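Overview (structure and organization)
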Amino acid sequence: MSYTVTLMPGDGIGPEVSEAARRCIDATGVKIAWEIAHAGVDILEQAGTPLPDATVASVLKNKVALKGPVTTPIGTGFRSVNVALRHKCDLFACVRPCRSYDGVRSRYQNIDLVIVRENSEDLYAGIEFEKGTPGCAAVIDAVEKAGGKKIKPDSGVSIKPISVSATRRVAKYAFDYARQYQRKKVTAIAKANIMKFTDGLFYATAREVAKEYADIKYEEVLVDAMCMQLVQKPELYDVLLLPNLYGDIMSDLCAGLVGGLGVAPGANIGDGVALFEAVHGSAPKYKGQNKVNPTAVILSGVLMLRWLGETAAAEKLDRAVADVIRAGKDVTYDMKADRNDPSAVGTSQMADAIIRRMQG
Ligand code: NAD
């Protein structure tokens, strides 16, 4: 079978790491026609926007995209390319598997967690009111009238909506994922003892969904307790289901458990549409140096191959990445014991080693 996949090189280190990933994916033998679409600061000047309509149209047409990181432009009034893409393509779940690879330096071993994060609402819904504006004053006034609580007039205000429909959809995705990948347990994480009507609703909805999946265990843990649990007993957990903000924070915590941003892949999933990208950003200071670690985007490619149903190719690529990391020779500077180790290879040479491994 052949596929057309949107490839968004991104900016900063994006083009280097996404090209490394593209070559590795092609080397699995899966036939992919890559449709290049641009986003980020490099296209901003030419297109007048960091997210041209043609890019969104390409993702919606092909239903699958691999994306390099993009810089969030400061001072353009544009919030974030990533948030806009997730909204426009209705990518409601963000999935971040965090698995230990032998040879990656980390305080922990044998970590195998999957974060499923709600991607569309919560404090990241973008409903914000700037201090001192008429809109902010109106909201402060309305809150006082509705609930009797006074917000200080010199406050900025961000709104946290959490709905049954969005929670239900992401919770179902988490349980379906658990089933598909033979996972045993889903843990819902929030702060429902304090935010009863938002986080409480998140728990109540996830609990309802859990009843439809008797084969998967379900539990609830408060987000603060979970932070401690994850650094002390990460082995107790499996699939973690979180609202948007906690999910974002917990994703970086879990990336830290498995050795950092260089090895943390991700996927944004919608209804029949999916966009795959590393957790890390565009690291502009390393742009064009052929220096940074391509593993996170390559592993995002593994997730993409699995999503396409190309399981054998996904396993082949995953094994090759694991072998190269375990051998510790053809890896980038950040994977060496000493970051100044002169034997560290560049981004594209690490991809070459992974490709050789698949062929050998
Ligand atoms: P970043 O992830 O780009 O970089 C932080 C640091 O992590 C880097 O300086 C580098 O030391 C290290 N790092 C990141 N990726 C690495 C890799 N592949 N190999 C080795 N080391 C790596 O985070 P930041 O500096 O906070 O963000 C830079 C820009 O990226 C911002 O504009 C931000 O908004 C954007 N961003 C984009 C995405 C995305 O496109 N999905 C995600 C996060 C941040």
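Residues numbered from 1 in each chain as written. Predicted model: local features only at pLDDT ≥ 70, side-chain atom pairs only at ≥ 80, totals over all residues. Heavy atoms only, no water.

**Some thoughts on the sheet that holds strand S10 (residues 239-242)**
We apply this condition: In this description, strands pair whenever DSSP reports at least two bridges between them. In this description a helix means any DSSP run of H or I spanning at least four residues, a strand means any run of E spanning at least two, and both kinds are numbered starting from the N terminus. The angle between two axes is taken between their N-to-C directions and runs from 0 to 180 degrees, where each axis is a line fitted to C-alpha atoms and a helix contributes only its stretch in contact. Between two residues, a contact is recorded if the distance between any of their heavy atoms is within 4.5 Å.
Taken in spatial order, the ten strands make up an open sheet running S2-S1-S3-S12-S11-S4-S5-S10-S8-S9, and their pairing is mixed. Edge positions in the sheet fall to strand S2 (31-36) and strand S9 (217-222), since each has one partner strand and no second. Ignoring strand direction, the axes of neighbouring strands in this sheet form an average angle of 25°. As paired elements, strand S8 (residues 185-190) and S10 share three bridges and run parallel to each other. Paired with Thr-187 across the strands is Leu-240, a residue of S10. Contacts from helix H6 (residues 164-180) reach strand S4 (93-99), strand S5 (112-118), S8, S9, S10 and strand S11 (265-269) within the one sheet, and its direction differs from that of S5 by about 160°.

**Regarding the state of the cysteines**
Here is the rule we go by: Our working definition of a disulfide is a cysteine sulfur pair at a distance within 2.5 Å.
Inspection of every chain in the model, using the stated rule, returns zero disulfides. Not engaged in a disulfide, the cysteine Cys-89 finds its nearest cysteine sulfur in Cys-94; these two sulfurs lie 14 Å apart.

**Focus on unusual backbone geometry**
Our working definition: Three exposure classes are used, based on accessible area relative to the maximum for each residue type with a 1.4 Å probe and protein chains only: buried under 20%, partly exposed in between, and exposed over 50%.
The phi angle at Asp-122 is positive, at roughly 70°, despite the residue not being glycine. Here Asp-122 shows up in the loop between S5 and strand S6 (128-129). Its identity is not glycine, yet Gln-182 carries a phi of approximately 50°, on the positive side. Assessed through its relative accessible area of 62%, Gln-182 is described here as exposed.

**Notes on the nonpolar core**
Threshold: Buried Ala, Val, Leu, Ile, Met, Phe, Trp, Tyr and Cys residues that are joined via side-chain atoms within 4.5 Å together make up what is termed a nonpolar core. Start and end points for every domain follow an automatic or database-based domain assignment.
Leu-241, Met-304, Leu-317 and Ile-354 are the most contacted members of the largest nonpolar core, which has 94 residues in total. Mapping this core onto the domain boundaries places at least three of its residues in each of domain 1 (1-100 + 264-360) and domain 3 (161-257). When residues no more than four places from it in sequence are discounted, the contact partners of Leu-241 are Val-116, Val-170, Ala-171, Ala-174, Val-186, Thr-187, Ala-188, Ile-189, Phe-202 and Ala-206.

**Remarks on the pairing of S2**
Going by this rule: Looking down the strands as they point away from the viewer, one classifies a crossover as right-handed if the path from the first strand across the helix to the second runs clockwise.
With six bridges connecting them, strand S1 (residues 2-8) and S2 associate as parallel partners. Bridge pairing in S2 places Val-5 opposite Trp-34. Read from S1 through helix H1 (residues 14-27) to S2, the crossover connection turns out right-handed.

**Topic: the packing of helix H8 (residues 223-232) against helix H9 (residues 244-257)**
For the record, the criterion: Throughout, the term roughly parallel applies to angles under 35 degrees, roughly antiparallel to angles over 145, roughly perpendicular to angles from 65 to 115, and oblique to all others. Charged means Asp, Glu, Lys or Arg here, nonpolar means Ala, Val, Leu, Ile, Met, Phe, Trp, Tyr, Cys or Pro, and polar covers whatever is left, Gly included.
In the contact formed by H8 and H9, the axes pass within 11 Å of each other and the chain directions differ by 5°. Relative to H9, the element H8 lies roughly parallel. Each of Val-223, Met-226, Cys-227 and Leu-230 in H8 lies in contact with H9, whose residues at this interface are Tyr-246, Met-250, Leu-253, Cys-254 and Leu-257. Taken together, the residues of the contact of H8 with H9 sort by class into nine nonpolar, no polar and no charged.

**Looking at the site of the ligand**
As a reminder, the rule being used: The rule for a residue being near a molecule or strand is that one of its heavy atoms must lie within 4 Å of it. N or O atoms within 3.5 Å of each other form a polar contact, as long as, within protein, one can give a hydrogen and the other can take it, and as long as residues adjacent in sequence are counted only when both atoms are side-chain atoms. Residue exposure ignores everything except the shown protein chains as possible cover, and the areas themselves are Shrake-Rupley values with a 1.4 Å probe.
Taken together, 20 residues lie near the ligand, and Val-70, Thr-72, Gly-281, Ala-283 and Asn-293 sit nearest. In this structure, Glu-277 approaches the ligand through a side-chain N or O atom, which is 3.0 Å from a nitrogen atom. Within the side chain of His-280, an N or O atom sits 3.3 Å from a nitrogen atom of the ligand. Isolated, the ligand exposes 810 Å² of accessible area, and the fraction of that covered by the protein chains is 69%. Looking at the shell around the ligand residue by residue, the class counts come to nine nonpolar, seven polar and four charged.

**A closer look at the environment of Ser-155**
The topology assignment puts Ser-155 in the loop between helix H5 (134-147) and strand S7 (157-158). Relative accessible area serves as the criterion here: at 17%, Ser-155 is assigned to the buried category. Taking the C-alpha atoms as reference points, Ser-155 and Ser-2, 153 residues apart in sequence, are found 54 Å from one another. Filtering out sequence-adjacent residues up to four positions away, Ser-155 remains in contact with Lys-131, Cys-136 and Ile-140.

**Structural notes on the domain arrangement of the protein chain**
Short version of the rule: Buried area is understood as the total, over both parts, of accessible area removed when two parts are fitted together, assessed with a 1.4 Å probe. One side-chain nitrogen of Lys or Arg within 4 Å of one carboxyl oxygen of Asp or Glu is enough to make a salt bridge.
Here the protein chain is described as being made up of domain 1 (1-100 + 264-360), domain 2 (123-160) and domain 3 (161-257). When each unit is reduced to the centre of its C-alpha atoms, the spacing between domain 1 and domain 3 is 26 Å. Facing the eleven residues of domain 1 at the interface are ten residues of domain 3. A combined buried area of about 890 Å² lies between domain 1 and domain 3, and 65% of that area is made up of carbon and sulfur atoms. Counting every contact that joins domain 1 to domain 3 gives one salt bridge.

**Describing helix H11 (residues 311-327)**
Here is the rule we go by: Helix span is expected to be 1.5 Å times the residue number reduced by one.
With 17 residues, H11 ought to run about 24 Å at 1.5 Å a step, and its terminal C-alpha atoms sit 24 Å apart, in line with that. Those residues of H11 that are buried are in contact with H1, S4, helix H10 (295-307) and helix H12 (347-359). Just downstream of H11 lies Gly-328, where phi reads positive at about 70°.

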